[in-house]
Amino acid sequence: MVGGDLAGGNFYYVADGYNPDYSKGHNVGGISLRELPPKDVPPGFIGSVIIPGGTGPFQWDQTKQLTCAGTWGCHGDRTIADPLQSISGAHHTDDSVIDGSTVGTSYRFLYGIKGKEHKTWEYQATANNHNGYKGDGNYSSMETISYLCGECHGAYHLHQNLGGKTSDVWVRHPVDISFSVVKGGYTGSEYQKYTNYSLDTPIAYINPTGMETTVDVNSIVMCLSCHRAHASNYQSMLRWDYSKVFVGNGAQTGCLTCHADKAK
Ligand code: HEC
Ligand code: HEC
Ligand code: HEC
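Definitions and limits used
Residues numbered from 1 in each chain as written. Chains lettered and ligands numbered in written order. Predicted model: local features only at pLDDT ≥ 70, side-chain atom pairs only at ≥ 80, totals over all residues. Heavy atoms only, no water. Donors = N, O, S within 2.8 Å, 3.2 Å for Na, K, Ca; no water. Tetrahedral: all angles 85-135°; square planar, octahedral: opposite > 155°, others 65-115°. Helix = DSSP H or I, 4+ residues; strand = E, 2+ residues; numbered from the N terminus. Buried < 20%, exposed > 50% of the residue type's maximum accessible area, 1.4 Å probe, protein only. Near = heavy atom within 4 Å. Polar contact = N/O pair within 3.5 Å; in protein donor to acceptor, adjacent residues only side chain to side chain. Nonpolar A, V, L, I, M, F, W, Y, C, P; charged D, E, K, R; others polar. Salt bridge = Lys/Arg side-chain N within 4 Å of Asp/Glu carboxyl O.

Colleague: Got a minute to help me understand the coordination of the iron atom of ligand 3 in this structure?
Modeller: For a metal with four tetrahedral donors the ideal donor-metal-donor angle is 109.5 degrees, whereas six octahedral donors ideally subtend 90 or 180 degrees. Around the iron atom of ligand 3, the protein contributes the donor atoms His173 (NE2) and His259 (NE2), which lie 1.9 to 2.0 Å from the metal centre. Around the iron atom of ligand 3, the six donor atoms are arranged such that angles at the metal cover 88 to 179°; this shape is classified as octahedral. Of this pair, His173 sits in the loop between α2 (145-150) and β7 (177-178) while His259 sits in the segment after β8 (220-221), placing them 86 residues apart in sequence. Judged by relative accessible area, which is 32%, His173 ranks as partly exposed. With a relative accessible area of 21%, His259 lands in the partly exposed category.

Colleague: I'm lost on the site of ligand 2 in this one. Help?
Modeller: Near ligand 2 you find 15 residues, and of these Arg172, His173, Cys223, Cys226 and His227 are the closest. Here a nitrogen atom of ligand 2 and a side-chain polar atom of His227 are 2.8 Å apart. Looking at the shell around ligand 2 residue by residue, the class counts come to nine nonpolar, four polar and two charged.

Colleague: It is not clear to me how the pattern of salt bridges should be interpreted in this structure. Could you clarify?
Modeller: Close approach of charged atoms lets side chains of opposite charge pair. Overall, the coordinates contain six salt bridges when judged by the stated rule. Linking Asp241 and Lys244 is a salt bridge whose minimum nitrogen-to-oxygen distance equals 3.2 Å. By relative accessible area, Asp241 is classed as partly exposed at 24%.

Purely spatial values, then, with no claim about function.
Here is the structure:
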């Protein structure tokens, strides 16, 4: 986003003391209180999934609030419970190569995840200089940003390690699927009309550079095509106001950035 919130969004929208709306993001301990049931645990949680370095928790402990890092958080080595220990040393790592092999050399210290980091978290990002998100064309890589989300929201990601359902696509929208494998083929499909990379509806790539300007047959849908990672000004942490995205409104924005034919 240009000039506004950074790429991850902004915890401000859920932060206590600032008229928070807890449905707009991740309620991280120290910033917000824990959400009430059913949001006291991750929606779509599946226990004991495979995570980089080990196994995720068997169940989401009823006494645990989401933290920044560690087993109950997103950043760092999630096999280590203590948040600080889980990212220990990472800030001093030479992170010029993001290969996911250590916490320090993982995308934004998200252990095992690859990508290209925009230096200022997309402050003043442009269409040719943005975060480069790693995706996978066919639900099979553990190095993608969508896999990270799936570690806690397993039911929403159709990856064999995670347990998303194959039978019911709309349990949640498919991710880590490239336009090349859409039903009926890419050529002539509505997706073909999404051509210029949009900072409001970003796309993932197999080998992201952060300099992609075009969207094509190999571009990949990811959780962050629709959501921000931390919090946003919209319900469900979405990147845009879902209540204003409707079929036939003429604007190729939000869902209709990709489902372009439905904008007409
Ligand atoms: C370490 C576990 C964990 C990871 C990883 C994780 N989440 Fe969550 N998520 C939670 C928990 C816990 C909640 C429920 C509490 C809350 O909303 O803060 C939640 C809630 C949400 C919500 C609903 C927000 C609301 O209040 O309605 C969305 C949307 C979401 N997550 C998306 C994502 C996306 C996208 C990613 C990857 C960038 C992700 N999550 C990664 C634990 C996680
Ligand atoms: C194509 C857009 C899109 C993509 C991609 C997407 N989501 Fe969502 N997500 C939504 C919308 C829209 C909602 C709110 C409406 C609803 O609940 O269906 C939502 C709701 C959610 C919620 C809140 C559910 C609840 O019970 O309140 C979570 C958690 C979530 N998404 C996580 C994810 C994760 C994790 C991924 C990637 C594996 C993902 N989403 C990919 C559009 C998307
Ligand atoms: C980043 C591009 C992108 C965005 C944004 C996006 N979609 Fe999708 N959508 C896809 C792709 C790709 C598929 C998979 C099509 C396939 O498998 O044939 C899909 C599939 C679907 C399907 C299933 C259609 C079917 O026939 O299986 C529905 C419904 C859908 N999207 C609705 C939405 C809604 C609602 C939103 C906004 C909340 C949204 N999409 C945003 C790319 C996108």
